[in-house]
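For reference, the chains in residue letters:
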Amino acid sequence: MNLLSNDVSRFDIVSVFIHSMWIAPLLTIIVGVLLYREVGYAGLIGMLVIAIVTPIQSFTGKLASIFRLQTAQRTDERVRLMDEIINGINVIKLYAWEKSFKKLIFDAREKELKVIRKSSYVRALYMTFMLFTTRSALFFTMMSIVILGEDLTAAKVFVISSYFQIISTVMSQMFVRGIAAIAEAFAGIKRL
């Protein structure tokens, strides 16, 4: 049941993000050229921020898939244990082994929760990167424009912000989610 509900559903997720793997770099190049035409080298500095953050996010996506595989294994162990306990409940009650089996269940659930917590921390780090990537790139670009002595107008800031939002959405969200989805699909294939 766990294999069908969790692992097979990973293939649906991969089908959504698989095209991001080739669209994201192409769109980044196109928007990078447009950004360079708009603000020159200052735009490339903002692109550099995104280029630095994207591999870090990819790493956290792979870590999330590793923790997802560990979570699935722990869940399988706990479900198997519960199934054995339910099947042998008569013997457990007959010999008054409730407390020892209760401890086994709590230990199995605690191991599962420990991996779920690690996975949640990694996902939180990943989401944090998604939030600050665009703002950081925009900040460094605007700072570079001012340092290079060019005029910083509201129209430029709006256009730059729009370009970075496109790049961030495609690279920091879709591309990285694609990497994580592919890694989770491979983990699901191993389990199947």
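Residues numbered from 1 in each chain as written. Predicted model: local features only at pLDDT ≥ 70, side-chain atom pairs only at ≥ 80, totals over all residues. Heavy atoms only, no water.

Draft legend 1. Layout of the nonpolar core. Judged by nonpolar contacts, the single largest core of 19 residues is most densely connected at L35, I50, I160, F164, I167 and M171. Per-element tally for this core: the top contributor is helix α7 (residues 154-191), with 8 residues. Those residues within four positions of M171 in sequence are excluded, and the remaining contacts are A24, P25, T28, I50, T54 and V176. (Core = buried A, V, L, I, M, F, W, Y, C linked by side-chain atoms within 4.5 Å. Buried < 20%, exposed > 50% of the residue type's maximum accessible area, 1.4 Å probe, protein only. Helix = DSSP H or I, 4+ residues; strand = E, 2+ residues; numbered from the N terminus. Contact = heavy atoms within 4.5 Å.)

Draft legend 2. Molecular detail of the packing of helix α6 (residues 98-147) against α7. Interhelical geometry of α6 versus α7 gives an angle of 150° and a closest axis separation of 10 Å. Taken as axis vectors, α6 and α7 run roughly antiparallel relative to one another. The interaxial crossing formed by α6 with α7 has right-handed handedness. Contact residues: α6 offers R123, Y126, M130, T133, T134, A137, L138, T141, M142 and I145, while α7 offers V157, I160, S161, F164, Q165, S168, S172, Q173, V176, R177 and E184. Here the contact of α6 with α7 is composed, by residue class, of 10 nonpolar, 8 polar and 3 charged. (Axes fitted to C-alpha atoms, helices over the stretch in contact; angles between N-to-C directions. Parallel < 35°, antiparallel > 145°, perpendicular 65-115°, else oblique. Left-handed = near helix turned anticlockwise from the far one by under 90°. Nonpolar A, V, L, I, M, F, W, Y, C, P; charged D, E, K, R; others polar.)

Draft legend 3. Highlighting the packing of helix α4 (residues 41-87) against α6. Interaxial distance between α4 and α6 falls to 8 Å at its minimum, and their mutual angle equals 170°. When the interaxial angle is binned, α4 and α6 end up roughly antiparallel. A per-class count over the contact of α4 with α6 returns 27 nonpolar, 12 polar and 7 charged.

Draft legend 4. Broad picture of the environment of V79. Inspection of the secondary structure assignment puts V79 in helix α4. Taking C-alpha positions, V79 is 13 Å from K111, a pair spaced 32 residues apart along the chain.

Draft legend 5. Highlighting the pattern of salt bridges. Scanning the model with the defined rule gives 6 salt bridges in all. With a closest N to O distance of 3.4 Å, E98 and K93 form a salt bridge. The class of E98 is partly exposed, set by a relative accessible area of 33%. Its relative accessible area of 54% is what places K93 among the exposed residues. The shortest N-O distance in the salt bridge between K103 and D107 comes to 3.2 Å. With K103 and D107 both in helix α6, this residue pair falls 4 residues apart, about one helical turn. (Salt bridge = Lys/Arg side-chain N within 4 Å of Asp/Glu carboxyl O.)

Draft legend 6. Fine view of the side chain of S144. Tracing the backbone through its elements, the reader meets S144 in helix α6. S144 has contacts with A42 and I45, leaving out every residue within four places of it along the chain.

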